[in-house]
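Tertiary structure, described
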Amino acid sequence: WNLEEHKEEPKDFDFLGKKFLNNPDSVVITTMKRNSWTNFMLVCDVTGSMSPYTAQIFATLPSVIENRKCKGFLFFNDGDKKTSAQKKLGHAGGLYSTQVMRFDSAYYTAQKCMYSGDGGDLPENNVEALLRAEKMNPGGELVLIADNWASPRDLQMCDQINQPVHIILCSALGGVNPDYLFLARVTGGSVHTRDQDVTNLSTMKEGEQVKVGFQTFLLHEDHFIPFENFSRDF
């Protein structure tokens, strides 16, 4: 898969979703090429809003499987068509996983997840999915492909995560959701956009700043506040 081949409108559509591979936010493709994690579970939001990025996930699967550093896949849809009221903290459901490292197994597991639910409301059960994936591969790392505009509904459970979470943040060209900076910081992980790898979040000190894209965030009590909104009254 070469980015240069997808700069023009594709002439057809196949099961990988070629029209979505033309997405200028090639964050999944570029981040996976730039980084070389070992012994990790790939945790993917495949709700409806993530369709352009799900196509990128499918496009990267062959190389991810081939290098043998990934130990399994977990796809989540935030609840299998449950209503918001039915989505209990830590038990929203809609998690589908496989550790059979073949393209067909990963693809059909993702497909089953997508057919079973599309997310519904905006927040997603990211942390629930991460905790399930962590149990599948003790002692490893977690790579989360997440929707920048959908905050984790269960962020308060993040202190239960014991593995670093490396977050590939989709739809972040217009700005970064600070909830994901927080999640990466408290787990000792990192945040990745199309153009940048932010790896120093866990070592930052109170009052320090970090620039992500065109935004600058100031660290205040473990939370990242957009610098232009920061007040000395905190």
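Every residue gets a number counted from 1 within its own chain, in the order that chain's sequence is written. Local features in this predicted model are restricted to residues of pLDDT 70 or higher, and side-chain atom pairs are both shown and tallied only at a pLDDT of 80 or more, whereas totals for entire chains, interfaces and linings draw on every residue. Working from all heavy atoms in the structure, the side-chain values ignore hydrogens and water.

Think of it this way: a Phe, Tyr or Trp ring, Trp meaning its six-membered ring, pairs with another when their centres are within 6.5 Å, and the plane angle makes it stacked under 30 degrees, edge-to-face over 60, tilted otherwise. Considering all chains together, one arrives at five aromatic pairs under this definition. Taking 6.4 Å as the distance between ring centres and 70 degrees as the angle between the ring planes, the aromatic pair formed by Trp37 and Phe40 counts as edge-to-face. With respect to burial, Trp37 and Phe40 carry one shared label: buried. Measuring from ring centre to ring centre gives 6.3 Å for Phe73 and Phe75, while their planes differ by 15 degrees; the resulting arrangement is stacked. Burial classification: accessible surface area is computed with a 1.4 Å probe over protein chains only, and a residue below 20% of its type maximum counts as buried, one above 50% as exposed, and the rest as partly exposed.

The helix and strand labels rest on DSSP assignments: H or I over at least four residues marks a helix, E over at least two residues marks a strand, and numbering proceeds from the N terminus. Burial runs high along strand E2 (residues 70-76): six of the seven residues are buried. When DSSP finds two or more bridges between two strands, those strands count as paired. Here six bridges tie strand E1 (residues 40-45) to E2, and the two strands are oriented parallel to one another. Counted as the bridge partner of Phe40 is Cys70 from E2. Relative to strand E3 (residues 95-98), E2 runs antiparallel, the two being bridged by four bridges. Pairing of Phe73 across the sheet is with Thr98, part of E3.

What follows covers the sheet that holds strand E6 (residues 190-192). Taken in spatial order, the seven strands make up an open sheet running E3-E2-E1-E4-E5-E6-E7, and their pairing is mixed. With partners counted over all chains shown, the strands left at the sheet margins are E3 and strand E7 (197-198), one partner each. Bridge count for strand E5 (residues 165-170) against E6 is three bridges, and the pairing is parallel. Across the sheet, the residue bridging to Ile168 is His192, located in E6. Residue contacts follow a heavy-atom distance rule, with two residues in contact if any of their heavy atoms lie within 4.5 Å. Axis definition: a line fitted to C-alpha atoms, limited for helices to the stretch in contact. Angles are taken between N-to-C directions and run from 0 to 180 degrees. Sheet contacts for helix H2 (residues 27-34): E1, strand E4 (141-147), E5, E6 and E7; angle to E5, the most-contacted strand, approximately 145 degrees. Sheet strands in contact with helix H4 (residues 103-116) are E2 and E3, and its direction is about 175 degrees off that of E3.

Counting buried positions over the 10 residues of helix H6 (residues 178-187) gives seven, a clear majority of the element. Here a polar contact means two N or O atoms within 3.5 Å. Within protein one must be a hydrogen donor candidate and the other an acceptor candidate, and residues neighboring in sequence count only if both atoms are side-chain atoms. Between a side-chain oxygen at the N-terminus of H6 and the backbone nitrogen of Asp179 the separation is 2.9 Å; the capping residue is Asn177. Two residues or fewer past H6, Gly188 is found with a positive phi of approximately 75 degrees.

Looking at the secondary structure, you find Glu141 in strand E4. Sequence separation between Glu141 and Phe40 is 101 residues; the distance between their C-alpha atoms is 4.5 Å. A polar contact of 2.9 Å, which involves the side chain of Glu141, links it to the side chain of His166.

Attention now moves to unusual backbone geometry. One non-glycine residue, Asp78, lies in positive phi territory at about 60 degrees. With respect to the helices and strands, the residue Asp78 is situated in the loop between E2 and E3. Positive phi, normally seen in glycine, also occurs at Asp222, with a value near 70 degrees. Checked against the element boundaries, Asp222 lands in the loop between strand E9 (215-220) and strand E10 (223-226). Take Asp222: its relative accessible area is 33%, and that puts it in the partly exposed class.

Before going further, it helps to examine the packing of H2 against helix H3 (residues 51-66). Contact pair H2 / H3: the axes reach a minimum separation of 8 Å and the direction vectors enclose 30 degrees. Taken together, H2 and H3 sit at an angle that is classed as roughly parallel. Touching Val27, Val28, Ile29 and Met32 of H2 are Tyr53, Gln56, Ile57, Ala59, Thr60 and Val64, all from H3. Split by residue class, the contact of H2 with H3 holds eight nonpolar, two polar and no charged. Any angle between 65 and 115 degrees counts as roughly perpendicular, while under 35 counts as roughly parallel, over 145 as roughly antiparallel, and the rest as oblique. Following the grouping adopted for this structure description, the nonpolar residues are Ala, Val, Leu, Ile, Met, Phe, Trp, Tyr, Cys and Pro, the charged ones are Asp, Glu, Lys and Arg, and the polar ones are all others, Gly among them.

Let's shift gears to the nonpolar core. To form a nonpolar core, buried Ala, Val, Leu, Ile, Met, Phe, Trp, Tyr and Cys residues must be joined to one another through side-chain atoms within 4.5 Å. Val43, Leu144, Ile167, Leu183 and Leu201 are the most contacted members of the largest nonpolar core, which has 36 residues in total. Of all the secondary structure elements, the ones that give two or more residues to this core are E1, E2, helix H5 (126-136), E4, E5, H6, strand E8 (209-212) and E9. When residues no more than four places from it in sequence are discounted, the contact partners of Ile167 are Leu144, Ala146, Tyr180, Leu183, Ala184, Ser190, Val191 and His192. Ranked by size, the runner-up nonpolar core spans 27 residues in total, among them Cys44, Val46, Phe58 and Tyr107.

This part takes up the side chain of Glu128. Positionally, Glu128 belongs in helix H5. His is not counted, nor are the chain ends, whereas Lys and Arg count as positive and Asp and Glu as negative. Every case where a carboxyl oxygen of Asp or Glu lies within 4 Å of a side-chain nitrogen of Lys or Arg is listed as a salt bridge. Here Glu128 occupies a buried position and makes no salt bridge, while the nearest side chain of opposite charge, Arg132, is found at 5.3 Å. Reaching out from Glu128, the side chain makes a polar contact with the backbone nitrogen of Ala92 at a distance of 2.9 Å. Not counting residues within four places of it along the chain, the set of residues in contact with Glu128 comprises Gly90, His91, Ala92, Gly93, Leu95 and Asp154.

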